[in-house]
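Per-entry structural report
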Amino acid sequence: MTTSAPERIKALREQIDNHNYRYYVLDEPSIPDAEYDRIFRELKQLEEENPELVTPDSPTQRVGAKPEGGFAEVQHELPMLSLDNAFSEEELRGFVRRIGDRVKGLDTAALAFACEPKLDGLAISLVYENGVLVRGATRGDGYTGEDITLNVRTIANVPLKLRGSGWPERLEVRGEVYMPKAGFEALNERARARDEKTFVNPRNAAAGSLRQLDPKITAQRPLEFCSYSTGIVDGGELPDSHSETLHQLREWGLKINPEMRVVTGADGCLEYYRDMEQKRAGLAYDIDGLVFKVDSREIQQALGFVARAPRWAIAHKFPAQEEITRLNDVEFQVGRTGAVTPVARLEPVFVGGVTVSNATLHNMDEIARLDVKIGDHVMVRRAGDVIPQIVKVVTEKRTGDESPVHIPSQCPVCGSDIERTQLVKRGKGGEQVSEGAIYRCVGRLSCEAQLKQALFHFGSRKAMDIDGLGDKNIEQLVDLELVRSPADLYRLSTRDLLRLEGFAELSSENLIAAIDQSRQVNLERFIYALGIPEVGEETARTLASSLGSLANVRRALPEVLATLKDIGLTVAYEIHNFMQDSHNQKVIDDLLSLEVQPKESGQVSPALTGSVAFGDLINSLGIFKVGKKGADNLAAHFGTLSALLEANEAQIAAVTGLNSQAKRNLFEYLQSEAHRHRLSAIEQQLREFGMHWECQPEESLQSLPLEGETWVLTGAMEALTRDEAKVRLQALGAKVAGSVSAKTSALVAGEKAGSKLAKAEQLGIRVLNEAQLIELLEAEGQGL
Ligand code: IVH
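All values reported here derive from a predicted model rather than from experimental measurement.

Points about the packing of aromatic side chains
A full pass over the atoms with the stated rule returns eight aromatic pairs. Ring centres of Tyr178 and Tyr285 lie 5.7 Å apart, and the angle between their planes is 65°; this geometry places the pair in the edge-to-face category. Highlighted residues: Tyr178 in strand β7 (residues 170-178) and Tyr285 in the loop between α9 (265-279) and β10 (287-294), separated in sequence by 107 residues. The pair formed by Tyr178 and Tyr285 is uniform in burial state, with each residue classed as buried. One residue, Arg163, lies across the ring of Tyr21, its end atom 4.0 Å from the ring centre.

As structure tokens, this is what we get:
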């Protein structure tokens, strides 16, 4: 029996509403995204075929057409009030005391308070009539707001229709619209990529998004709604306390804050404050304080209001995370790889709980984007433990005496030239070189700043692991001119070290022994220790395990490097350029001649054989319109480079899965003698490396259980250290990254996991605790 369209539509809408409820309100997603998308598409299609069955509360109808004119005014039937603030324990205790003074016979030590985070967004009123959302409005001045129904409808977790039953005929729900931190970062990331203006903070982004006249734009913004009170209630009743009311709202499908607790007395409120202070940085959204509300509605009514705020509630504010101060100067620091970065010197200001006098400015593009000048007043933001940032210039405070920031043309440390990095992009007209945002001092190891940092990196635990080579000793070794390159470390004698402050016979011998021991190092640590720009532990590991020897890494062509796992063309060129540089070559030769002996397998990884790598190689040529898929298809079709080189136009035309423009570009590419020459050189190199690429079906390639996955570790674990966990995950084929992004496959969250956990949850990424990790490792033969 086939179901009729109206029945199917009804069933699909119910399913979608249920999934939305589980996802947005209960925080327990019940189906994979792909399945949700499928149901949604089916509903959309059915509604398109049966337009007469479309109703405004259908989940497909969130985004409507742009209205004529601006937003209409709305009168709030009950004014939307504000809250008094408390900034200290005394002020909070004063608030509770005043409640005791007003209500006869009340024991405030036992009085129940509902505690919630104070979300940093915008207050909104939603009116439901017979369970259907009929109006959404801003708070405005508390009495008159703006009708933003069409925009509010696009917020995915605002129910268009209430769930269950028993709601009052007319119910006004009040709450906050806000933008979670991860969504805010992603939105700004996109804006930066398009050279558009970024938002200063999530609150401004939420406000800007709600103020859009076109609901289609609002719909693309990652907004959320969280309920914290009610307004008008007609034709029905709500529970007797605030906390029960919120639970009732939750049953009707509205999100409430999961951190909401009921505590007793001022002591309970203060304990909650201390608890949330700890949690704050790890929350998925910004909060600027907490709200404490007398839970009993009867006592609330007895207390009433003063001016525009209730006597029964208070906002206990956290120290501000944004302050305005003066930019006194911009100085330039030189990093390990020579990158010259601007650092803001600020008039000291108390922000986010600490005094801040420096802030990062990232690079010269950031200075241009902010249009910041020395002498400007700037807004400084310090949220959680992140490095303080300048988020905007307060242009109203300009006097005209401000001066522009210029990057020096000579390195402030060594006086060498500073060069702007070039970006190579491949497009229709071939290679295009554009200016990068990074400037580099060309002095390399003759630049003291680079030398000191290079030595520090070289000796660090994950590199050559030279115990006792801390920054103080490096400082002296360089200042006394005992060391001018990493190789010089291996020329030191105990006598040299005795010249260092705090060094005696024994400590000198110990450091010499540690340096000596580091001569036996494995290849991946050695490559990492060289400090090649863009080459972290993971890339060093790939280079070592794939190419098998230092000699291979040193001579590998960029296109060959780009066929390796997770190495793109930009990084490939960095590695190649580093290795071709005569100065670097000398350092490496010196190290080898001083008997630093990286242990090599000599084996080129078998994972590099087969048509998969051939596809990567074709892809790395950057032929316009031939993407990764097209390159893989070409690889599978031709199987060998010589077959591809010999192909005529008709044979290329016969390849499937490649558009005609791409085929033409490929044909033209192959016409060029220089290109053919380059390809032959690459082929020869690959052959010398022992790589080969007969086409083989993909499944015959050996694969590890976590191959292709990216894992992130955060928080403290008991049974093993993060590094141990990392090594085990890598052994199973996973890549272990330092930060959570949309590409993360899973997050392992130990104790006191903070913002990474919040971000993973925000992005719906799989999260494992320590026990689950150990279980997985054991199941895959990597147990403790
Ligand atoms: S209760 C009469 N609860 O704070 C009490 N407000 O200064 C009405 N806010 O405009 C507010 N989180 O935008 C309440 N959990 C929360 C809140 C909250 C944020 C905002 C709201 C209001 C302002 C009051």
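Still to come is the rest of the account.
Some remarks on the pattern of salt bridges
When their charged atoms lie close together, side chains carrying opposite charge are able to pair. If you walk through the whole model with that rule in mind, you get 45 salt bridges. Between Glu129 and Arg170 there is a salt bridge whose closest N-O contact spans 3.1 Å. Of this pair, Glu129 sits in strand β4 (residues 122-129) while Arg170 sits in strand β7, and the two are 41 residues apart along the sequence. Using a relative accessible area of 33% as the deciding quantity, one classes Glu129 as partly exposed. A salt bridge links Lys452 to Asp479, with the shortest nitrogen-to-oxygen separation between them at 3.3 Å. Pair noted here: Lys452 is in helix α12 (residues 448-459) and Asp479 is in helix α13 (residues 471-479), with a separation of 27 residues, a long-range link. Given a relative accessible area of 46%, Asp479 falls into the partly exposed group.

Section: the site of the ligand
In the region of the ligand, the neighbouring residues are Leu83, Glu116, Pro117, Lys118, Leu119, Ala123, Arg139, Glu176, Tyr228, Val291, Lys293 and Pro310. Leu83 places a main-chain nitrogen or oxygen 3.4 Å from an oxygen atom of the ligand. Interatomic distance of 3.3 Å between a side-chain N/O atom of Tyr228 and an oxygen atom of the ligand. In isolation the ligand offers 530 Å² of accessible surface; the protein chains occlude 87% of this area. For the shell around the ligand, the secondary structure elements donating two or more residues are β3 (112-119) and β10. Of all the elements, β3 adds the most residues to the shell around the ligand, at four residues. Across the shell around the ligand, the residue classes tally to seven nonpolar, no polar and five charged.

Here's the deal with the packing of helix α20 (residues 569-580) against helix α21 (residues 582-593)
Where α20 contacts α21, the axes come no closer than 5 Å and their chain directions differ by 70°. Here α21 runs roughly perpendicular to α20, going by the angle between their axes. Across the interface between the two elements, Phe578, Met579 and Gln580 of α20 pack against Ser582, Asn584, Gln585 and Ile588 of α21. Among the residues forming the contact of α20 with α21, the class breakdown is three nonpolar, four polar and no charged.

Describing the side chain of Asn584
Residue position: Asn584 is located in helix α21. Exposure remark for Asn584: the relative accessible area of 11% places this residue in the buried category. At 3.0 Å, the side chain of Asn584 and the backbone oxygen of Phe578 are in polar contact. Here Asn584 is in contact with Arg444 and Phe578, once residues within four sequence places are set aside.

Calculation criteria
- Residues numbered from 1 in each chain as written.
- Predicted model: local features only at pLDDT ≥ 70, side-chain atom pairs only at ≥ 80, totals over all residues.
- Heavy atoms only, no water.
- Phe/Tyr/Trp six-rings, centres within 6.5 Å; stacked < 30°, edge-to-face > 60°.
- Helix = DSSP H or I, 4+ residues; strand = E, 2+ residues; numbered from the N terminus.
- Buried < 20%, exposed > 50% of the residue type's maximum accessible area, 1.4 Å probe, protein only.
- Lys NZ or Arg CZ within 6 Å of the ring centre and 35° of its normal.
- Salt bridge = Lys/Arg side-chain N within 4 Å of Asp/Glu carboxyl O.
- Near = heavy atom within 4 Å.
- Polar contact = N/O pair within 3.5 Å; in protein donor to acceptor, adjacent residues only side chain to side chain.
- Areas by Shrake-Rupley, 256 points an atom, 1.4 Å probe, with all protein chains shown as cover.
- Nonpolar A, V, L, I, M, F, W, Y, C, P; charged D, E, K, R; others polar.
- Axes fitted to C-alpha atoms, helices over the stretch in contact; angles between N-to-C directions.
- Parallel < 35°, antiparallel > 145°, perpendicular 65-115°, else oblique.
- Contact = heavy atoms within 4.5 Å.

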